[in-house]
Amino acid sequence: MSVATIREATPDDAETLQDLILELAAYEQLLDEAEPSVDLLREHLSQEALTGCEALIAETDNGTAVGFALFFHNYSTFLTNAGLYVEDLYVKGTYQGEGIGFALMQRLAEIAERRGCRRMEWAVLNWNEEALTFYDDLGAEPLDDWTVMRLDEDAIEAVAEQA
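All of the points below concern the structure found in this document.

Criteria and thresholds
- Residues numbered from 1 in each chain as written.
- Predicted model: local features only at pLDDT ≥ 70, side-chain atom pairs only at ≥ 80, totals over all residues.
- Heavy atoms only, no water.
- Helix = DSSP H or I, 4+ residues; strand = E, 2+ residues; numbered from the N terminus.
- Rg over C-alpha atoms; globule rule 2.2 N^0.38 Å.
- Buried < 20%, exposed > 50% of the residue type's maximum accessible area, 1.4 Å probe, protein only.
- Contact = heavy atoms within 4.5 Å.
- Areas by Shrake-Rupley, 256 points an atom, 1.4 Å probe, with all protein chains shown as cover.
- Lys, Arg positive; Asp, Glu negative; His and termini not counted.
- Charge placed at Lys NZ, Arg CZ, Asp CG, Glu CD.
- Patch = residues over 30% accessible without salt bridge, like charges linked within 9 Å, V, L, I, M, F, W, Y side chains within 5 Å.
- Salt bridge = Lys/Arg side-chain N within 4 Å of Asp/Glu carboxyl O.

## Side note on the overall build of the protein chain
Working step 1: Along its length, the protein chain carries five helices and five strands.
Working step 2: Along the protein chain, helices (α) and strands (β) appear in the sequence β-α-α-β-β-β-α-β-α-α when read from the amino end.
Working step 3: Here the C-alpha atoms of the protein chain give a radius of gyration of 16 Å, agreeing with the 15 Å that 2.2 N^0.38 yields for 163 residues.
Working step 4: For the C-alpha atoms alone, the extent of the protein chain along its principal axes is close to 55 × 35 × 35 Å.
Working step 5: Counting the 163 residues in the protein chain, one finds 29% classified as buried.
Working step 6: For the protein chain, restricting intrachain contacts to residue pairs at least 6 apart in sequence, the fraction spanning at least 24 positions comes to 57%.
Working step 7: In the structure as shown, the protein chain presents an accessible area of about 11000 Å², 50% of it carried by carbon and sulfur atoms.
Working step 8: Charge-centre separation for the protein chain: the mean point of 9 positive side chains lies 9 Å from the mean point of 34 negative side chains.

## Overview of a nonpolar patch on the surface
Working step 1: On the surface, Leu-151, Ile-156 and Val-159 cluster together to form a nonpolar patch covering roughly 270 Å² of accessible area.
Working step 2: Mapping Ile-156 onto the fold places it in helix H5 (residues 153-161).
Working step 3: Its relative accessible area of 47% is what places Ile-156 among the partly exposed residues.

See below:
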């Protein structure tokens, strides 16, 4: 049973999310790539934002944030239907194994079901055995036949400027 309450994040949670994102980046050994901005989080979590960014926060009874999930909608052309993409899910190390990750995923599944989504998808680092086991236990299936591709900011600019 979870020791935390799950609630929707608001723009007022931007600083808390920034702290949790930096902890996640350190855990994933990607701290050198992390540049979370409180101002942008505040803007992107607003109802009017075009990013569609949403987040859930897991808190203890005394209001201490111990985890989060950041997500947005994607779209399947084959299913002609929306899906829910989980960009990040993180639970502080001292709270792992207490059902908080499951509670976050359960709430995400409830949101996806309520909104008529036919898929939930996310990426997980290949070395993160604990996460892989957790997701396997949920019934998630790895998509081994797909490769995640990315253009970074410089590459986007270079492609956009090609005539």
